[in-house]
Amino acid sequence: MLLLALVFCSCGNATTGSSDTVPLDEAIGQMLLVGFRGTGIDDANHIVRDLRDYHVGSVILFDYDVPTGTRGRNIQSADQLQRLCTQLRSINPALLVGIDQEGGRVSRLSPRYGFPAVPTAKRLAALGDDSLRHYAALTADMLHSLGINLNFAPVADVDVNPGCPVIGKLERSFSADTAVVAACCSIWASEQRKREVVSCLKHFPGHGSAKGDTHKGLVDVTKTWQRSELAPYRDVSRAGMVMTAHVINRQLDPSGLPASLSPRITSLLRDTLGFQGVIVTDDLAMGAIADHYSLEETLRLALLAGADLLCLSNNGRQYDPDLVPKAVAIIKGLVADGTVSADRIQRSAARIRRLQG
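Residues numbered from 1 in each chain as written. Predicted model: local features only at pLDDT ≥ 70, side-chain atom pairs only at ≥ 80, totals over all residues. Heavy atoms only, no water.

Peer 1: In this structure, what is going on with the sheet that holds strand 1 (residues 32-34)? I would like to understand it.
Peer 2: Two pairing modes exist for strands in a sheet, parallel and antiparallel, and in both the strands are linked by backbone hydrogen bonds. Read across the sheet, 8 strands follow the order 11-10-9-8-5-2-1-12 without closing on themselves; strand pairing throughout is parallel. One side of each edge strand has no neighbouring strand; the edge strands of this open sheet are strand 11 (278-281) and strand 12 (310-312). Sheet contacts for helix 10 (residues 295-305): strand 11 and strand 12; angle to strand 12, the most-contacted strand, approximately 155 degrees. (Pairing = 2+ DSSP bridges. Helix = DSSP H or I, 4+ residues; strand = E, 2+ residues; numbered from the N terminus. Contact = heavy atoms within 4.5 Å. Axes fitted to C-alpha atoms, helices over the stretch in contact; angles between N-to-C directions.)

Here is the structure:
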């Protein structure tokens, strides 16, 4: 298991303890993972403003724009995408450029844009370690060549419920066997690390038993979740990033808060399992959150829960070009009134800077 802990480690040293601080505005910006529209940038594009003026430290790229139901949001071809990543990093050289490139149905870089097809996680596990390693390396090489340095993969969910609409049915889980899931995640993360692509394990504390879809609304796994779903996350204290799910799990938090907004569930990951890397929320535009919490309440709860990176995809039911200024103002207000301490913001920003290398 110690070997797994070392292999899961993504780029850089993600441990805490540094006393380094930056101006509060910069630290807040580093905590934002934002989405935007556009296949290129110009001075009229709000992402330029967000990177320059609000110090945004991470972006997430999509091929599909949910509010309009159209493709080509950020991705049209390899050449175009490489130019976009170069443009973004010319504004912030330390920028984390992220994408969901798992393989199978969750592949933002799909054959329709000229990229190679990668089988689903379930199929890769069935093909064996050599095939898994080949496709993991293929994916990591492709991401690195494009200038993408953060992949929201591998999926560490256990296939407890094959009928889960967003995990089992899409074959996003490697297996119902926790040992197989852990081993496959280890191989995938190892190949990405070799190519300087940060890995993000998801969706803590386990989404594989769910009967519903958190994109659409609240999902309660209290009666279906099994403690064995934590197994792929054990002994990964040096992993680079872990994503928390929006599932409600009263076995772990009787309050009924979604895991992404739950201090108890974050504490389980941080204190019990010893994870000292970056904790990122699942997309805060998903129905499980956006339909039940205001933006201010969402940010307050996520910060109090201990999230380091707040995923503001701007790819839910509505698109708001001023989402980043609004989020920054809310967080600054939470610090000003003492709800969230400046030191807590600085600790998260420091973890993210270490991950950026």
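Peer 1: Honestly, helix 4 (residues 78-91) in this entry has me stumped. Any pointers?
Peer 2: Along an α-helix, residues three or four positions apart point the same way, because every turn accommodates 3.6 residues. The end-to-end C-alpha separation of helix 4 is 21 Å, in line with the 20 Å expected for 14 residues at 1.5 Å each. Buried within helix 4 we find Q80, L81, L84, C85 and L88. Viewed end-on, helix 4 has its buried residues packed into an arc of 135 degrees, placing them on one side of the element. Pointing more than 90 degrees away from the buried face of helix 4 are the exposed residues D79, R83, T86 and S90. Those residues of helix 4 that are buried lie in contact with helix 3 (46-53), strand 2 (58-60), strand 5 (96-99) and helix 6 (129-146). By the N-cap criterion, in which a side-chain oxygen at the helix start approaches the backbone nitrogen of a residue two or three places on, helix 4 is capped by S77, the distance to Q80 being 3.2 Å. (Expected span 1.5 Å × (residues − 1). Buried < 20%, exposed > 50% of the residue type's maximum accessible area, 1.4 Å probe, protein only. Arc of directions from axis to C-beta. Polar contact = N/O pair within 3.5 Å; in protein donor to acceptor, adjacent residues only side chain to side chain.)

Peer 1: Please explain the pairing of strand 10 (residues 241-244) as it appears in this structure.
Peer 2: For a regular strand, side chains alternate in direction, first toward one face of the sheet and then toward the other. Side chains of strand 10 alternate between two faces, with M241 and M243 and V242 and T244 buried alike. Across 4 bridges, strand 9 (residues 198-204) lies against strand 10 in parallel orientation. Pairing of L201 across the sheet is with V242, part of strand 10. Note: strand 10 against strand 11, 4 bridges, orientation parallel. Along strand 11, the bridge assignment pairs T244 with T281.

Peer 1: How do you make sense of the environment of M142 when you look at a structure like this?
Peer 2: Structurally, M142 is set in helix 6. For M142, a relative accessible area of 9% translates into the label buried. For the pair formed by M142 and S175, sequence separation is 33 residues and the distance between their alpha carbons is 25 Å. Non-local contacts of M142, meaning those with residues more than four positions away in its chain, are made with Q101, L109, F115 and P116.

Peer 1: Sorry if this is basic, but what is going on with the confidence of the model for the protein chain here?
Peer 2: Low pLDDT marks stretches whose predicted atomic positions should not be read closely. Mean pLDDT over the protein chain: 93, with 93% of residues reaching 70 or higher. Confidence over residues 1-18 falls short of pLDDT 50; this stretch has 49 contacts with residues more than four positions distant or in other chains. (pLDDT = per-residue confidence, 0-100.)

Peer 1: I tried to follow the pattern of salt bridges on my own but got confused; where do I start?
Peer 2: Opposite charge on two side chains permits them to pair, given that their charged atoms come into close proximity. Taken as a whole, this structure holds 20 salt bridges when the rule is applied. Between R108 and D100 there is a salt bridge, and its shortest N-O distance comes to 3.3 Å. Looking at D100, the relative accessible area reads 8%, which means it is buried. A salt bridge links R347 to D343, with the shortest nitrogen-to-oxygen separation between them at 2.3 Å. Here the residue R347 and the residue D343 both occupy positions in helix 12 (residues 342-356), the gap between them amounting to 4 residues, near one helical turn. According to the relative accessible area criterion, R347 is partly exposed, its value standing at 42%. By sharing partners, the salt bridges in this structure join D100, E102, R108, R172 and K202 into a single network. (Salt bridge = Lys/Arg side-chain N within 4 Å of Asp/Glu carboxyl O.)

Peer 1: Explain the packing of helix 10 against helix 11 (residues 323-336) to me, please; I cannot follow it from the model alone.
Peer 2: For the pair helix 10 and helix 11, interaxial distance at closest approach is 10 Å and the crossing angle is 55 degrees. Relative to helix 11, the element helix 10 is oriented oblique. In terms of crossing hand, the pair formed by helix 10 and helix 11 is right-handed. Side by side, helix 10 and helix 11 meet where L295, E296, L299, R300 and L303 of the first sit next to L323, K326, A327, I330, I331 and L334 of the second. Across the contact of helix 10 with helix 11, the residue classes break down as 8 nonpolar, no polar and 3 charged. (Parallel < 35°, antiparallel > 145°, perpendicular 65-115°, else oblique. Left-handed = near helix turned anticlockwise from the far one by under 90°. Nonpolar A, V, L, I, M, F, W, Y, C, P; charged D, E, K, R; others polar.)

Peer 1: Is there a simple way to explain the environment of D130 in this structure?
Peer 2: Relative to the elements of secondary structure, D130 occurs in helix 6. For the pair D130 and S175, spaced 45 residues apart in sequence, the C-alpha to C-alpha distance is 17 Å.

Peer 1: Any chance you could explain helix 3 here in plain terms?
Peer 2: Residues H46, I47, V48, D50 and L51 constitute the buried set of helix 3. The opening residue of helix 3, the one whose side-chain oxygen lies 3.1 Å from the backbone nitrogen of I47, is N45. Two residues or fewer after helix 3 comes H55, characterised by a positive phi angle close to 60 degrees.

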